[in-house]
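Spelled out from the first residue to the last, the chains are:
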Amino acid sequence: MSKTFVTHPLPSTAGPETRSLDAGLVIDPGTGAIAPNISMSVNNVLMPGDGAFSADGVEDLASLPYLYARWTNPTVRQLEQRLAALEDAEDALASATGMAAIAGMLLTLLKAGDHLIVSDVCYAGAAELTQRVLPDLGIEVTPVNMARLDLVEAAIRPNTQLIHCESPVNPILRLVDLKALAAIAARHGVLTSVDSTFATPVATRPLSLGVDLVVHSLTKFINGHGDALGGAVAGRRELVAQIRGRAGVYLGAALSAHAAWLIMRGIDTLYPRLRMASETALSVARFLESHPQVERVIYPGLDSHPQHDLAKRQMDVFGGMIGFRTRDPKATACRLAERLRVAHYAFSLGHQRSLVVLMDTDEMMDSTYRLTGEPLADYRAYAGDGLFRLSIGLETPADIIADLDQALTP
């Protein structure tokens, strides 16, 4: 006799570690399998009684839980529910990449004649989209150093619709006081969104600080294994539904079921991975501060970080990302690429293996940020001529330290 398996909702008191494992989990009714299924079907049958039909014929198809995979998919929906639970959000929308999540959000909430305030330093793709593509669509954009809340408030206009930032900022690990930023925006009736990819919900939950929407590149720490692309935006149900109805339907960047399954597999270990990476990162950052070839280390968990007090208030852990500078960054980059054996000289971040790469300041200015004057001086105060972005993995801490030591030493 077959059994009927019922998935009970988690208790409201369930901790974040429990939610990372079980939120949205559906036990297979036929087999009792606990691991989520991968639903590879592109379409779903419409049946009387599921809300698709009435006496007058077909009703609102958008009310159906599953219709067509570009709209939503059972496996993707489980991922969205898990992400919403982790961020204390009412809902979440998953997309094919982190950039798809950012683009979908911006192209839903902004139209010609609107004004966006964006962090003057952020993920390169987001910076270039906001400062080069959106103006072509008639959207006004003002880049601002969001560590300076006075500058943020001064930039708000009557047509400002959204303030978008990152915390910590990629690549210089500058922080934003999210609670204070959200309060300023609320006073002016402006929405706020935060890319929390570096922090993850293990460190910071922006919605609990008053932010309206939180964005993630799921490719990074949340997946954590370097084998799946994905993105997500989470927040109030009506905002997510608005983004799903426009970006999810018309922009076409749907997340595949297989990628969703891989990302859920990664979320199962998100909390222990991030806690281990954070502990290791603090040890590595302290080592780098003492290394004769290193002239500055930037890590929110260090007393030397200019916003360390804010980090202690806003972050439960300090994360797995470190920035460091050397006196001759290009020569150092060559040594790292040639000598590293435990860490890897490569782009991307948030994987199980440690990754490091040079973010050359002149190249970043030419290709992406194009800062001048005070904003450029502030960037150089963090990055100098070039900042090494180090993403800490799950290796033995002493092995990472020894590998960096031998590679950094001329």
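Because the structure is a prediction, the values reported are computed rather than measured.

Here is what the cut-offs are and how they apply
- Residues numbered from 1 in each chain as written.
- Predicted model: local features only at pLDDT ≥ 70, side-chain atom pairs only at ≥ 80, totals over all residues.
- Heavy atoms only, no water.
- UniProt positions renumbered as here; feature names shortened; annotations may be inferred.
- Helix = DSSP H or I, 4+ residues; strand = E, 2+ residues; numbered from the N terminus.
- Contact = heavy atoms within 4.5 Å.
- Polar contact = N/O pair within 3.5 Å; in protein donor to acceptor, adjacent residues only side chain to side chain.
- 1 Å grid on protein atoms, 1.4 Å probe; cavity = no way out; pocket = protein on both sides within 12 Å on 5 of 7 lines; lining within 4 Å.
- Points joined across faces, edges and corners; volume = space filled by probe spheres on them.
- Nonpolar A, V, L, I, M, F, W, Y, C, P; charged D, E, K, R; others polar.
- Axes fitted to C-alpha atoms, helices over the stretch in contact; angles between N-to-C directions.
- Parallel < 35°, antiparallel > 145°, perpendicular 65-115°, else oblique.
- Left-handed = near helix turned anticlockwise from the far one by under 90°.
- Buried < 20%, exposed > 50% of the residue type's maximum accessible area, 1.4 Å probe, protein only.
- Pairing = 2+ DSSP bridges.
- Right-handed = clockwise from strand over helix to strand, strands pointing away.
- Core = buried A, V, L, I, M, F, W, Y, C linked by side-chain atoms within 4.5 Å.
- Disulfide = S-S within 2.5 Å.
- pLDDT = per-residue confidence, 0-100.
- Arc of directions from axis to C-beta.

*Asks:* How do you make sense of the UniProt feature "modified residue: N6-(pyridoxal phosphate)lysine" (unreviewed entry) in the protein chain when you look at a structure like this?
*Replies:* Using the residue numbers shown here, the UniProt feature "modified residue: N6-(pyridoxal phosphate)lysine" (unreviewed entry) corresponds to Lys220. Mapped onto the elements of the fold, lysine 220 is located in the loop between β8 (213-217) and β9 (231-235). Excluding its chain neighbours within four sequence positions, the residues that come into contact with lysine 220 are Thr197, Ser348, Leu349 and Gly350. Side-chain polar atoms of lysine 220 contact the side chain of serine 217, separated by 3.0 Å.

*Asks:* So what exactly am I meant to see when it comes to empty space enclosed by the protein here?
*Replies:* Which parts of space are left empty comes out when a probe the size of a water molecule is rolled across the atoms. Under the defined criterion, the tally for this structure stands at two cavities of 30 Å³ or more. Of the voids in this model, the largest cavity is the one considered here, and its volume is about 50 Å³. Surrounding the largest cavity, Phe221, Gly224, Arg273, Leu274, Ala277, Gly350, His351, Gln352, Ile392, Gly393 and Leu394 form its lining. When the residues that make up the lining of the largest cavity are grouped by side-chain class, the tally is five nonpolar, five polar and one charged. Of the volumes computed, that of the second largest cavity is approximately 40 Å³. Lining of the second largest cavity is provided by Pro168, Leu173, Phe198, Ala199, Pro300, Met315, Phe318, Gly319, Gly320 and Met321. Across the lining of the second largest cavity, the residue classes tally to eight nonpolar, two polar and no charged.

*Asks:* Looking at this structure, I do not really get the packing of helix α10 (residues 270-289) against helix α15 (residues 397-408). What am I missing?
*Replies:* A pair of packed helices can be characterised by two numbers: the angle between their axes and the separation between those axes. Between α10 and α15, the least distance of the axes is 10 Å, while the angle of their chain directions is 30°. When the axis of α10 is compared with that of α15, the two are roughly parallel. The two elements α10 and α15 cross, and the hand of that crossing is right-handed. Residues Thr280, Ser283, Val284, Phe287 and Leu288 of α10 lie in contact with α15, whose contacting residues are Pro397, Ile400, Ile401, Leu404, Asp405 and Leu408. Of the residues belonging to the contact of α10 with α15, the class tally is eight nonpolar, two polar and one charged.

*Asks:* What exactly am I supposed to notice about the pairing of strand β7 (residues 191-195) here?
*Replies:* Most of β7 is tucked away: four of the five residues are buried. Sheet topology note: the strand β6 (residues 160-166)/β7 ladder contains five bridges and is parallel. Directly across from histidine 164, in β7, lies its bridge partner serine 193. At this point the chain moves from β6, through helix α6 (residues 178-187), to the parallel β7, and the crossover so formed is right-handed. Alignment of β7 against β8, held across three bridges, turns out to be parallel. Across the sheet, residue valine 194 finds its bridge partner in β8, namely valine 214.

*Asks:* Please clarify how the nonpolar core should be interpreted in this entry.
*Replies:* Leu79, Met105, Leu106 and Tyr379 are the most contacted members of the largest nonpolar core, which totals 77 residues. Every residue in contact with tyrosine 379, bar those within four places of it in the chain, is listed here: Val121, Pro171, Ile172, Thr361, Met364, Met365, Tyr369, Leu371 and Gly384. By size, the runner-up hydrophobic cluster in this structure holds 25 residues, among which are Leu282, Ala343, Val356 and Ile400.

*Asks:* Hey, could you run me through the state of the cysteines in this one?
*Replies:* The bond known as a disulfide is covalent and runs between the sulfur atoms of two cysteines. Tallied over the entire structure, the rule returns zero disulfides. Cysteine 122 takes part in no disulfide bond, and the closest cysteine sulfur to it belongs to cysteine 165, at a distance of 9.5 Å. A relative accessible area of 1% places cysteine 122 in the buried class.

*Asks:* Just to check I follow, could you spell out the confidence of the model for the protein chain for this structure?
*Replies:* Close reading of the predicted structure is inappropriate where its pLDDT is low. Mean pLDDT over the protein chain stands at 92; residues scoring 70 or higher make up 93%. Low pLDDT, under 50, characterises residues 1-6; the predicted model gives this stretch six contacts beyond four residues in sequence or across chains.

*Asks:* Hey, could you run me through the packing of helix α13 (residues 361-369) against helix α14 (residues 373-383) in this one?
*Replies:* At their nearest, the axes of α13 and α14 sit 11 Å apart, and the two run at 140° to each other. Viewed along their axes, α13 and α14 adopt a mutual orientation that is oblique. Of the two possible hands of crossing, α13 and α14 adopt the one that is right-handed. Where α13 abuts α14, its residues Thr361, Asp362, Met364, Met365 and Tyr369 lie against Leu376, Tyr379, Arg380 and Ala383. Grouping the constituent residues of the contact of α13 with α14 by class yields six nonpolar, one polar and two charged.

*Asks:* Is there a simple way to think about the environment of arginine 335 in this case?
*Replies:* Within the element layout of this structure, arginine 335 appears in helix α12 (residues 329-339). Relative accessible area serves as the criterion here: at 15%, arginine 335 is assigned to the buried category. For arginine 335 and glycine 224, which are 111 residues apart along the polypeptide, the C-alpha to C-alpha distance reads 27 Å. Arginine 335 has contacts with Gln293, Leu340, Ala407, Leu408, Thr409 and Pro410, leaving out every residue within four places of it along the chain. Polar side-chain contacts of arginine 335 include one of 3.0 Å to the backbone oxygen of leucine 408.

*Asks:* Hey, could you run me through α6 in this one?
*Replies:* Since the α-helix turns once every 3.6 residues, residues separated by three or four places project in the same direction. Those residues of α6 not exposed but buried are Leu178, Leu181, Ala182, Ile184 and Ala185. For α6, the buried positions fall inside an angular range of 160° around the axis, keeping them on one side. Exposed and facing more than 90 degrees away from the buried side of α6 are Lys179, Ala186 and Arg187. Among the structural elements, α5 (149-155), β6, β7 and α11 (308-314) are those in contact with the buried residues of α6. The positive-phi residue at the C-terminal boundary of α6 is glycine 189, with phi of around 70°.

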